[in-house]
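Chain by chain, the residues:
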Amino acid sequence: MTAIVLFMAGIAAIAGWWLSQQRLAAKPWLEEGVIGDFPDGSVSSLPPAKIGLGVFLAVVGSLFALFISAYSMRMELIDWRSMPVPKLLWFNTGVLIVSSAALQWAQVAARRDDGDNVLIGLLAGGVSAVVFVIGQLLAWQQLNVAGYFLTANPANAFFYLITAVHGLHVLGGLAALGRTVAKAWRGVEVSRLRLSVELCTMYWHFLLLVWLILLALLTGWADDFAAICRQLLT
């Protein structure tokens, strides 16, 4: 229960910070000037696509929170036998960090109307994400060769399930990213790409955050952190 509370608190804090940056509390009827042209250069309302993505990420975050809760409760039973975490996961984590950073680079370039760097950032982020997915599949293969099969132990099943669900979300993001890359490759104006780049970047940062939390859970670091929190609260 402590793990899921900490996870949801982290998601809520990040969501609150993000919403605070979107001028949701702005009062356009009190603004002066041309409609949609504010002194600080921001838009008058949050694009529906961003709202939709925010809702989707909240649902996905709740799904992973349930996984974390189930994992934490199931590992307390006597038939639970922890499995070793493949060292390849650390490399995969680094690759996902690079992918997220590349998309952040593309977003900054989009705000500067720098089409060349937008394309470079999108391509680097996409290639890194593909490498991440391939690395996850190789980690599965290593575990199977070592005898850690899906049905051998509840810990094994949870590992495969959690990493598979996260990998599917990465693949879904790659589909959207691929469309954005195709537009940038065709030379579409940066102003028309800016929102798509921002949405992809938001999604990738979310996937990175979720993966870091899952990695902490799978390696046992989350248990140590939860134990420290319990000691502080008691």
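Quick caveat: nothing in here was measured; it's all calculated off a predicted structure.

Trainee: Which residues make up a nonpolar patch on the surface, and what are the values?
Mentor: On the surface, a cluster of nonpolar side chains totalling about 260 Å² of accessible area is made up of Ile51, Val55 and Val59. Along the chain, Val55 falls in helix α2 (residues 48–74).

Trainee: Pulling in residues and values, what's your account of a positive patch on the surface?
Mentor: Positive charge collects at one region of the surface, where Arg179, Lys183, Arg186 and Arg192 lie side by side. Within the secondary structure layout, Arg186 lies in the loop between α5 (154–185) and α6 (190–219).

Trainee: Explain the environment of Gly220 residue by residue, including any values.
Mentor: Along the chain, Gly220 turns up in the loop between α6 and α7 (221–233). Accessibility expressed as a relative area gives 16% for Gly220, which makes it buried. Taking C-alpha positions, Gly220 is 9.5 Å from Ser82, a pair spaced 138 residues apart along the chain.

Trainee: Explain the UniProt feature "transmembrane region" (unreviewed entry) in the protein to me, and be specific about the residues and the numbers.
Mentor: Here, the residues flagged by UniProt with the feature "transmembrane region" (unreviewed entry) are residues 49–68, 118–138, 158–182 and 202–222. Secondary structure within residues 49–68 divides into 100% helix and 0% strand; the distance between the first and last C-alpha atoms comes to 28 Å. Across residues 118–138, helical content stands at 100% and strand content at 0%; the span's end C-alpha atoms are separated by 30 Å.

Trainee: Can you lay out the pattern of salt bridges for me, pointing to particular residues and giving the numbers?
Mentor: Evaluated as defined, the whole model comprises four salt bridges. A salt bridge links Glu198 to Lys50; the nearest nitrogen and oxygen atoms lie 2.9 Å apart. With Glu198 in helix α6 and Lys50 in helix α2, this pair connects stretches of sequence that are 148 residues apart. Its salt-bridge partner being Asp113, residue Arg194 comes within 2.6 Å of it at the nearest N-O pair. Of this pair, Arg194 sits in helix α6 while Asp113 sits in the loop between α3 (88–111) and α4 (115–145), placing them 81 residues apart in sequence. The exposure class assigned to Arg194 is partly exposed, which follows from its relative accessible area of 24%. Here the salt bridges share partners, and the residues they tie into one network are Lys50, Arg111 and Glu198.

Trainee: Describe the nonpolar core, and please don't skip the residues or the numbers.
Mentor: Judged by nonpolar contacts, the single largest core of 53 residues is most densely connected at Leu122 and Leu177. Those elements that provide at least two residues to this core are α2, α3, α4, α5 and α6. Among the elements that make up this core, the one with the highest residue count is α6 (17 residues). Apart from residues lying up to four places away in sequence, Leu122 is in contact with Leu103, Ala106, Leu177, Thr180, Val181, Ala184 and Val197.

Trainee: So what about the packing of α4 against α5? Which residues, and what values?
Mentor: Running from N to C, α4 and α5 point in directions that differ by 155 degrees, and their axes come no closer than 9 Å. On the basis of the axis angle, α4 is roughly antiparallel to α5. Along this stretch, α4 crosses α5, giving a crossing that reads as left-handed. Within the contact of α4 with α5, the residues separate by chemical class into 19 nonpolar, seven polar and no charged.

Trainee: Before we move on, can you summarise the packing of aromatic side chains with the specific residues and values?
Mentor: Scanning the entire structure with this criterion turns up nine aromatic pairs. Pairing Trp80 with Phe158 gives two aromatic rings, centres 5.9 Å apart and planes at 50 degrees, and the pair type is tilted. Here the residue Trp80 occupies a position in the loop between α2 and α3, and Phe158 occupies one in helix α5, the gap between them amounting to 78 residues. Here Trp80 matches Phe158 in class, with each residue buried. Taken together, a centroid distance of 5.5 Å and an interplanar angle of 75 degrees make the contact between Trp140 and Tyr160 edge-to-face. Taken together, the positions of Trp140 in helix α4 and Tyr160 in helix α5 put the pair 20 residues apart, joining distant regions of the chain. Members of the aromatic cluster, joined through ring pairs, are Phe56, Tyr203 and Trp204.

Quick notes on the rules
- Residues numbered from 1 in each chain as written.
- Predicted model: local features only at pLDDT ≥ 70, side-chain atom pairs only at ≥ 80, totals over all residues.
- Heavy atoms only, no water.
- Patch = residues over 30% accessible without salt bridge, like charges linked within 9 Å, V, L, I, M, F, W, Y side chains within 5 Å.
- Areas by Shrake-Rupley, 256 points an atom, 1.4 Å probe, with all protein chains shown as cover.
- Salt bridge = Lys/Arg side-chain N within 4 Å of Asp/Glu carboxyl O.
- Helix = DSSP H or I, 4+ residues; strand = E, 2+ residues; numbered from the N terminus.
- Lys, Arg positive; Asp, Glu negative; His and termini not counted.
- Charge placed at Lys NZ, Arg CZ, Asp CG, Glu CD.
- Buried < 20%, exposed > 50% of the residue type's maximum accessible area, 1.4 Å probe, protein only.
- UniProt positions renumbered as here; feature names shortened; annotations may be inferred.
- Core = buried A, V, L, I, M, F, W, Y, C linked by side-chain atoms within 4.5 Å.
- Contact = heavy atoms within 4.5 Å.
- Axes fitted to C-alpha atoms, helices over the stretch in contact; angles between N-to-C directions.
- Parallel < 35°, antiparallel > 145°, perpendicular 65-115°, else oblique.
- Left-handed = near helix turned anticlockwise from the far one by under 90°.
- Nonpolar A, V, L, I, M, F, W, Y, C, P; charged D, E, K, R; others polar.
- Phe/Tyr/Trp six-rings, centres within 6.5 Å; stacked < 30°, edge-to-face > 60°.

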